[in-house]
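Listed below are the residues making up each chain.
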Amino acid sequence: MTIKRLIIQKTSLEKFFDVLIQKGKTIYAPKRKNEKINYEVVNHFSEVCDDYIQTTQSAKSIIFPRTEKLFNYNKGKGNITLEDFDPDQVPEAVIWGVRPCDAAGFIPLTAIFNWDSKDEIYNTRFEKTTIIAFSCTSADESCFCTSVGGNPGNTNGADILLTGMGDKNLFLAEVITEKGEKAVSFAPNLFEEDPGIEKEKYLADLPKQFNQEEIKDKLQAFFESDLWKKQSLRCLGCGACAYVCPTCACFDIQDEVHGKEGKRVRCWDSCGLSLFTLHTSGHNPRSVQSQRWRQRLMHKFSYMPQRLAVYGCTGCGRCSRACPVDMNMLEHLISIQEIQK
Amino acid sequence: MDELRKRAHELLQSGEVKLVIGYEQGNGNKVRPVFITNPEDTAKLIFDSRCVQNLAVYLSKPEVKTIGKPAIVATLPVLRTIIQLASENQLTDDSAVILGITPDGALRNFSTLEEIETFINQFEIQLEERDKKIIEQINQMTPEERWKFWVDTLTPCFKCYACRAACPMCYCTKCTVEQNQPQWIPVPSHQLGNLEWHFMRAMHMAGRCVDCGACARACPISIPLNLLTKKMMEDMKAQFGEYRIAIKKGNPMSTFKPEDSETFIR
Amino acid sequence: MTDKNIYLPYLLKIEKITREAPGVKTFRLKFVNEEEGNNFNFKAGQFGEYSIFGKGESTFCIASSPTRKGYIECTFRQAGKVTSALASCEEGSEIGFRGPYGNTFPLDEWKGKNLLFIAGGIALPPMRCVIWNALDLRENFGNITILYGAKAVDDLVYKNELKEWEERPDVNLITTVDPGGETPDWKGQIGFVPSVLEKAAPSSENTVAIVCGPPIMIKFTFPVLEKLGFTPENIYTTLENRMKCGFGKCGRCNVGEVYVCKDGPVFTYEQLKSLPAEY
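Residues numbered from 1 in each chain as written. Chains lettered and ligands numbered in written order. Predicted model: local features only at pLDDT ≥ 70, side-chain atom pairs only at ≥ 80, totals over all residues.

A.B. asks: Help me out: how do you make sense of the environment of Leu195 of chain B in this one?
C.D. replies: Residues and elements named next belong to chain B. Note on placement: Leu195 falls in helix H8 (residues 191-205). In this structure, the C-alpha to C-alpha distance between Leu195 and Trp150, residues 45 residues apart in sequence, is 8.0 Å. For Leu195, the contacting residues outside a window of four places in its chain are Trp150, Val151 and Leu154. (Helix = DSSP H or I, 4+ residues; strand = E, 2+ residues; numbered from the N terminus. Contact = placed C-beta atoms within 7 Å.)

This is the structure:
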């Protein structure tokens, strides 16, 4: 559908928030706790934090939780019964206040979980979640959305995108999808027609720093290069970058037992951890960190575009901010771009 | 800084070491570990108050060990780590050249581990005011309140294991969480799994933690993990008396003395 | 299949357990739900995720032929947590099964050709499905040769079926054990598979070779096949890698951009040559 452009006053925005709560939606919004800002369930508009460039964790855990139950089993009296996932247990949710890079992050996630076979659990959560994004008026040195096909006012992946004008008392509301339209229909009187606002002048200025198509083509020839060793020597091999990333989807499947009952769960995993590809025989195809670092980068910038026609990075910069030893994605990509053949 | 660079240059030039592990300027205002193999690159080395990451974690990393004998820039926490690692038979006098940095920021060369041990024992491991306050608060809590405090603090953890990766004492090639026969600690991240992981790790750190703070600094969501390990240190002192990090003395938890208090048996 | 929870397994009952070799067992499995069993279809080469509820899942190929209805079989070696739990199951126990996943041996393309099967040790199971599939449709193929070797006589799997294959006039079976692995009454060959292959020198004319074995065996068998005149697109193998989901989502089994669970596990030598060395 074509994007519908409306405007909404700040006071009406608060009312819109309340209407969504009244309609029974569970709203996840950025909330400040200790020194970090992360997505939590909020009940009141005043709890929402809007004074930040980027949250520490992404919003993917709302649709792709850290631990997701796949089914229950009961070993009762000799024979086994299985209790399937119940889609009705999934609440209607709204993610309020994601950045365009986070909204765009759901695109590769959805692509992975629907590659040929469809993950019904992921899709149920995704379909029941409305994503309301806010454009960025500023960026920091870790951001690079413009280099990966995004921009601070991009509508990709969002259901509604709000761009604050100047002093943030008026917002341009772009309604992008049917889900967004449905949300607006709960309180149509709060929105007015767009008089023709140019949102570009309110967005952060973020120059493009590398060409991702060029990098994808270069990477094909770089599998055996020693650049991976050089880049990854300080990498500690933890999962911090993968877990804060809005597009990382790698997971593990584990069984949890409680006597004769139990459940099988899907939980986050990271290709950076040494155990990820370890065979029971003891053989590990990726036994050193440079191979694992190569997998991370090539998966996002080479394998995914080749197989799924979508890049695995939206330039949010969280990996660079979270890394204890400054493995900065932007820096590494620029240095790959600069390698002469 | 110039002295440090000069010394690093000397060591690489003469071939006494193949690698210098130090700090360099990162992105923005960050500093980060650097691995220098070329004498010309020693110009990259910096040292200032931002340089707090514990570089000793790289001494046990296979990818670094294959490069050859290293020289390592060592602040006080790193020096303590080196002695603790030596007491656990992970390092000897010849494992690395130590480029010590005193608390005043001066370069000090150490030729033996004993020298380092004498040096570090001049300094007490002090709790920072902020941590002292929180520990006091926790000590005032009832058991139920304390349980709630730790559940609230640890449930957001998503088991990225950055704390383990950054801790130089976590050098086990196969961590307890990686055992699956049996699966001692659940793999997924949820309340129970997180508590078990952190409590287990704190127990493994008892008597070994050198209070470098790397774990808490590495945590991407700023969980104050070091409180657990610091509390362990206080408990160790209370149970087993004052102990110093020492090469030959043996760790309180891995040596038995007849006079050890056995309150856990009661 | 699209609305079903893709992580939810079928329930299968162990009908028969056969001890093949030390630590190696074969399970014959029947679907607990008969209707599911009747609707279940697969092709030779595909694999599944077999599970013990409470322990986890493990990846094995389906070792029986799709021409045989009413059951599926798997053969595995006790190696880790899940396989040890499977090994301690008794007949009548129920296990979980997800599948079939992966690509298949292109038997239709091989019609009218000669087939040369080469397997080593515990790698005969992934080939057993396609061997029986071919034998059940015998008139579709020319000469069928099976070369199978193991470390020692006791390590040979499917001992009864080896006897059956030996007695069939329309199959040429060569069995071998590594030097030192023979018993006094061993009547087969003695030697490593690649050297026995070289000695037997089967013709490559209009022939497809299917090879499966430990990496070291494969490494030395491919050059022999090429020497005998086999072209890389006519040599097939099946790969293994660490897997969890089995359908391309968990991100674990890829070798470069190729996912062993989706693009494999069956690959030609031609395809293998273009893969990066990361498996």
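A.B. asks: What is the right way to read the packing of H8 of chain B against helix H10 (residues 226-240) of chain B from this model?
C.D. replies: When two helices pack together, you describe them by how their axes are tilted relative to each other and by the distance separating the axes. All names here are of chain B. One can describe the packing of H8 onto H10 by two numbers: an axis separation of 9 Å at closest approach and a directional angle of 40 degrees. Judged by the angle between their axes, H8 and H10 are oblique. Note on packing geometry: the crossing formed by H8 with H10 is right-handed. Contacts between H8 and H10 involve His198, Ala202 and Met205 on the former and, on the latter, Leu228, Thr229 and Met232. When grouped by side-chain class, the residues that make up the contact of H8 with H10 number four nonpolar, two polar and no charged. (Axes fitted to C-alpha atoms, helices over the stretch in contact; angles between N-to-C directions. Parallel < 35°, antiparallel > 145°, perpendicular 65-115°, else oblique. Left-handed = near helix turned anticlockwise from the far one by under 90°. Nonpolar A, V, L, I, M, F, W, Y, C, P; charged D, E, K, R; others polar.)

A.B. asks: It is not clear to me how the domain arrangement of chain B should be interpreted in this structure. Could you clarify?
C.D. replies: The figure often quoted for interface size is the accessible area lost as the parts come together. Residue and element names in this part refer to chain B. When its domains are assigned, chain B resolves into domain 1 (2-120) and domain 2 (129-265). Each of domain 1 and domain 2 has a C-alpha centre, and the two are 26 Å apart. Between domain 1 and domain 2, the contact holds 17 residues from the first and 14 residues from the second. Secondary-structure elements contributing two or more residues to the side of domain 1 that touches domain 2 are helix H3 (76-87) and helix H4 (113-120). Residue contributions to the side of domain 1 that touches domain 2 peak at eight residues, all from H3. Residue composition of the side of domain 1 that touches domain 2, by class: eight nonpolar, seven polar and two charged. (Domains from an automatic or database assignment.)

A.B. asks: Explain the sheet that holds strand E9 (residues 172-177) of chain C here, please?
C.D. replies: Residue and element names in this part refer to chain C. Taken in spatial order, the seven strands make up an open sheet running E10-E9-E8-E7-E11-E12-E15, and their pairing is mixed. Only two strands of the sheet have a single partner each, and these edge strands are strand E10 (189-190) and strand E15 (266-268). For strand E7 (residues 114-120) and strand E8 (residues 144-150), the ladder comprises six bridges, and the chain directions are parallel. By the bridge assignment, Leu116 is partnered in E8 with Thr145. (Pairing = 2+ DSSP bridges.)

A.B. asks: Sorry if this is basic, but what is going on with the nonpolar core here?
C.D. replies: As a rule of thumb, soluble globular proteins bury nonpolar side chains together. The biggest cluster of nonpolar side chains holds 235 residues, and the ones touching the most others in it are Ile95 of chain A, Ile72, Ile82, Ala162 and Ala166 of chain B together with Phe117 and Ala209 of chain C. For this core, the leading source of residues is helix H2 (residues 100-113) of chain A, giving seven residues. When near neighbours in sequence (up to four residues on either side) are disregarded, Ile82 of chain B contacts Ala56, Ala74, Leu91, Ile98 and Ile116 of chain B. (Core = buried A, V, L, I, M, F, W, Y, C linked by C-beta atoms within 7 Å. Buried ≥ 20, exposed ≤ 12 C-beta atoms within 10 Å, placed from the backbone.)

A.B. asks: What am I meant to see in the confidence of the model for chain C here?
C.D. replies: Low-pLDDT portions of the prediction should not be read for the details of their coordinates. Of the residues in chain C, 99% reach a pLDDT of 70 or more, and the chain-wide mean stands at 93. For this predicted complex, the interface score ipTM comes out at 0.91, while the overall pTM is 0.94. (pLDDT = per-residue confidence, 0-100.)

A.B. asks: Before we go on, may I ask you to explain the sheet that holds strand E4 (residues 97-101) of chain B in this structure?
C.D. replies: Within a sheet, each strand pairs with its neighbour through backbone hydrogen bonds, oriented either parallel or antiparallel. Residues and elements named next belong to chain B. Pairing within the open sheet is mixed, and its five strands lie in the order E2-E1-E3-E4-E5. The sheet is open, and its two borders are formed by strand E2 (31-36) and strand E5 (107-110), each paired with just one other strand. The average angle at which neighbouring strand axes cross in this sheet is 30 degrees, direction not considered.

A.B. asks: Whenever I open this one, the interface of chain A and chain C confuses me. Can you help?
C.D. replies: On the chain C side, the residues contacting the 45 residues of chain A number 30 residues. For the side of chain A that touches chain C, the secondary structure elements donating two or more residues are strand E4 (67-74), strand E5 (81-84), H2, helix H3 (120-127), strand E11 (251-258), strand E12 (261-268) and helix H8 (289-308) of chain A. Residue composition of the side of chain A that touches chain C, by class: 21 nonpolar, 12 polar and 12 charged.

A.B. asks: Looking at this structure, how should I read unusual backbone geometry?
C.D. replies: With the exception of glycine, most residues fall at negative phi, and the peptide bonds are largely trans. Along the chain, Gln181 of chain B connects to Pro182 of chain B via a cis peptide bond; the corresponding omega equals 0 degrees. Among the structural elements, Pro182 of chain B can be located in the loop between helix H7 (162-166) and H8. Between Gly99 of chain C and the following residue, Pro100 of chain C, the backbone shows a cis peptide bond with an omega angle of 0 degrees. With respect to the helices and strands, the residue Pro100 of chain C is situated in strand E6 (residues 94-101). One non-glycine residue, Asp116 of chain A, lies in the positive phi region at around 60 degrees. Tracing the chain through its elements places Asp116 of chain A in the loop between H2 and H3. Assessed through the 8 C-beta atoms surrounding it within 10 Å, Asp116 of chain A is described here as exposed.

A.B. asks: How should I be thinking about the packing of H3 of chain B against H4 of chain B in this particular structure?
C.D. replies: All names here are of chain B. Where H3 meets H4, the closest approach of the two axes is 10 Å, and the angle between their N-to-C directions is 125 degrees. With respect to H4, the element H3 is oriented oblique. The chirality of how H3 crosses H4 is left-handed. Of H4, the residues touching H3 (which contributes Leu76, Leu79, Arg80, Ile82, Ile83 and Ala86) are Leu113, Ile116, Glu117, Phe119 and Ile120. Grouping the amino acids of the contact of H3 with H4 by side-chain chemistry returns nine nonpolar, no polar and two charged.

A.B. asks: Looking at this model, I keep getting lost on H10 of chain B. Mind explaining?
C.D. replies: Given 3.6 residues per turn, any residue in an α-helix points the same way as the ones three and four places further on. Residue and element names in this part refer to chain B. Over its 15 residues, H10 runs 21 Å from end to end, which matches the ideal 21 Å to within 8%, given 1.5 Å per residue. Restricting attention to buried positions, one finds in H10 the residues Asn226, Leu228, Thr229, Lys230, Met232 and Met236. Two residues or fewer after H10 comes Gly241, characterised by a positive phi angle close to 80 degrees. (Expected span 1.5 Å × (residues − 1).)

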